[in-house]
Amino acid sequence: WGLMLLLSVVIYGSHAPLLTQSKVDGMIPFSSTCMVVLVELTKLVVSLLFLLPWDRELLGAAVSWRHVVPFALSALLYAANNNLVVHMQLFMDPSTYQVLSNLKIVSTALLYSLFLHQRLSTRQWLGPLLLGGGAAGVSYSCGGLQDPGSPSEMKLHITLVGLVLISVYCLISGLSAVYTEAILKSQVLPLSLQNLFLYFFGVLLNLIGYFWSSPEGGFLEGFSSWVLVIVVSQALNGLIMSVVMKHSSNITRLFIISCSILVNALLSVTLFNLQLTHLFFIAVSCIGLAVHLYYGLT
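Everything numeric in this text was worked out from a predicted model, so none of it was measured.

**Regarding the overall build of the protein chain**
No. 1: Scanning the protein chain from terminus to terminus reveals twelve helices and zero strands.
No. 2: For the protein chain, the sequential pattern of α-helices and β-strands runs α-α-α-α-α-α-α-α-α-α-α-α.
No. 3: Put simply, 88% of the contacts in the protein chain that link residues at least 6 apart link residues at least 24 apart.
No. 4: Accessible surface, the protein chain as shown: approximately 15,500 Å² in total, 70% of it carbon and sulfur.

Printed below as a string of structure tokens:
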């Protein structure tokens, strides 16, 4: 578990730097929709491979349409959120998105407690709240990464429409995560089979989105070895997250995402020769305290 969670933190944290490395002349040369389709397809194939040793007749007898249909809504929620992220960039700057998107930590914790009937103690509630504040602080610090000696300061900007969209994003993010966890835990089917259903709908919905957008160029145009690394790492991380939600909880997932921001910041300093603000170290302390408050009690 320790190695798996650490790997997930590293993958989450390296995603943005890898995207930066894949740029050509400051632009991302490939279709993000194509990349998402390949990630979902990779997870689908891996899940299918894990099912090969199982008795097909036994699995077929245990599965009904009632097991499959709920995953369609889960995939739809994830697809909606992925597209919402793109549209939000029109109404706010990236730094504002980095900071405010951490509100999904609080929304997920609230929905987790409400819909899954998981009662948290007062001190455990302080964990996610501190986590949200610490993650926002790290995000603000990362958004404000400057070249050494740069006199400029980061200024946040968001419109009223952007504020509404970020609120909807955080709500859907929490709802999709909690809903998926509820499905995974309510069924006695093997996790690989549940993943097969989820990723099948994921591939289908994202392919529909790809053809709907009518992109120019070929499907794999602009892809490089960096993109291959991104696809494999994101697919692996998705499979790890399904294990976390099946056998642990969304709260653990939130801590993974928040800790990954630290990896992102350190990679930005190492690869791009940028410096952190003082707020970064305060925010790191908040995240460490949040981990202690939540997990130090059990």
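**So, the UniProt feature "signal peptide" (unreviewed entry) in the protein chain**
No. 1: Look at the UniProt record and you will see "signal peptide" (unreviewed entry) annotated at residues 1–16.
No. 2: Between the end C-alpha atoms of residues 1–16 there is a gap of 25 Å, over a span that is 94% helix and 0% strand.

**As for the side chain of S176**
No. 1: Along the polypeptide, S176 turns up in helix α8 (residues 160–186).
No. 2: When residues no more than four places from it in sequence are discounted, the contact partners of S176 are S74, L77 and Y78.

**A look at the packing of helix α9 (residues 191–213) against helix α10 (residues 225–247)**
The axes of two packed helices give the description: the angle between them and the distance between them.
No. 1: Where α9 meets α10, the axes come as close as 11 Å, and the angle between the chain directions of the two elements is 120°. Taken together, the axes of α9 and α10 lie oblique to each other. Like other packed secondary-structure pairs, α9 and α10 cross with a definite hand, here right-handed. In contact with L191, Q194, N195 and Y199 of α9, α10 contributes G238, L239, S242, V243 and K246.
No. 2: Here the residues of the contact of α9 with α10 sort into four nonpolar, four polar and one charged.

**Some details on the packing of aromatic side chains**
No. 1: Summed over all chains, the structure comprises three aromatic pairs.
No. 2: Ring geometry for F71 and F197: centres 5.9 Å apart, planes at 50°, overall tilted. Here F71, found in helix α4 (residues 65–88), pairs with F197, found in helix α9; they are 126 residues apart in sequence, far enough to count as distant.
No. 3: Considering the side-chain rings of Y210 and F211, the 5.1 Å spacing of their centres and the 70° angle between planes classify their relative orientation as edge-to-face.
No. 4: Classification of Y210 as buried rests on a relative accessible area of 7%.
No. 5: Classification of F211 as exposed rests on a relative accessible area of 58%.

**Considering the environment of M92**
No. 1: Inspection of the secondary structure assignment puts M92 in the loop between α4 and α5 (94–100).
No. 2: For M92 and I166, which are 74 residues apart along the polypeptide, the C-alpha to C-alpha distance reads 9.5 Å.

**Brief notes about the environment of L189**
No. 1: Mapped onto the secondary structure, L189 falls in the loop between α8 and α9.
No. 2: Residue classification places L189 among the buried positions, given a relative accessible area of 6%.
No. 3: Spatially, the C-alpha atoms of L189 and H67 are 8.6 Å apart, while their sequence positions differ by 122 residues.
No. 4: Excluding anything up to four places from it in sequence, L189 contacts A62, V63, H67, Q194, F197 and K246.

**Notes on the nonpolar core**
No. 1: By size, the foremost hydrophobic cluster in this structure holds 18 residues, and its most contacted members are F71 and L193.
No. 2: Elements represented by at least two residues in this core include exactly α2 (32–51), α4, α8, α9 and α10.
No. 3: Looking at this core, the element that brings in the most residues is α9, giving eight residues.
No. 4: For L193, the residues in contact, after removing those within four places along its chain, are L51, L59 and V63.
No. 5: Core analysis: the second largest hydrophobic core is formed by ten residues, I105, L111, L254 and F255 among them.

**Details of helix α6 (residues 103–115)**
No. 1: Taking 1.5 Å of rise per residue, 13 residues should cover 18 Å, and α6 covers 18 Å from first to last C-alpha, within 8% of that figure.
No. 2: For α6, every residue scored as buried is listed here: K104, I105, S107, T108, A109, L111 and Y112.

**Some remarks on the side chain of N250**
No. 1: Tracing the backbone shows N250 in helix α11 (residues 250–272).
No. 2: Only 2.6 Å separates the side chain of N250 from the side chain of E181, close enough to count as a polar contact.
No. 3: Those residues within four positions of N250 in sequence are excluded, and the remaining contacts are T108, Y112, A177, V178, E181 and M245.

**Here we look at the packing of α2 against α10**
No. 1: In contact at an axis separation of 9 Å, α2 and α10 are set at 50° when each is read in the N-to-C sense. It follows that α2 is oblique to α10 by the angle criterion. Crossing of α2 against α10: the hand is right-handed. In contact with M35, L38, V39, T42, K43, V46 and S47 of α2, α10 contributes V227, I230, V231, Q234, A235, G238 and L239.

Calculation rules
- Residues numbered from 1 in each chain as written.
- Predicted model: local features only at pLDDT ≥ 70, side-chain atom pairs only at ≥ 80, totals over all residues.
- Heavy atoms only, no water.
- Helix = DSSP H or I, 4+ residues; strand = E, 2+ residues; numbered from the N terminus.
- Contact = heavy atoms within 4.5 Å.
- Areas by Shrake-Rupley, 256 points an atom, 1.4 Å probe, with all protein chains shown as cover.
- UniProt positions renumbered as here; feature names shortened; annotations may be inferred.
- Axes fitted to C-alpha atoms, helices over the stretch in contact; angles between N-to-C directions.
- Parallel < 35°, antiparallel > 145°, perpendicular 65-115°, else oblique.
- Left-handed = near helix turned anticlockwise from the far one by under 90°.
- Nonpolar A, V, L, I, M, F, W, Y, C, P; charged D, E, K, R; others polar.
- Phe/Tyr/Trp six-rings, centres within 6.5 Å; stacked < 30°, edge-to-face > 60°.
- Buried < 20%, exposed > 50% of the residue type's maximum accessible area, 1.4 Å probe, protein only.
- Core = buried A, V, L, I, M, F, W, Y, C linked by side-chain atoms within 4.5 Å.
- Expected span 1.5 Å × (residues − 1).
- Polar contact = N/O pair within 3.5 Å; in protein donor to acceptor, adjacent residues only side chain to side chain.

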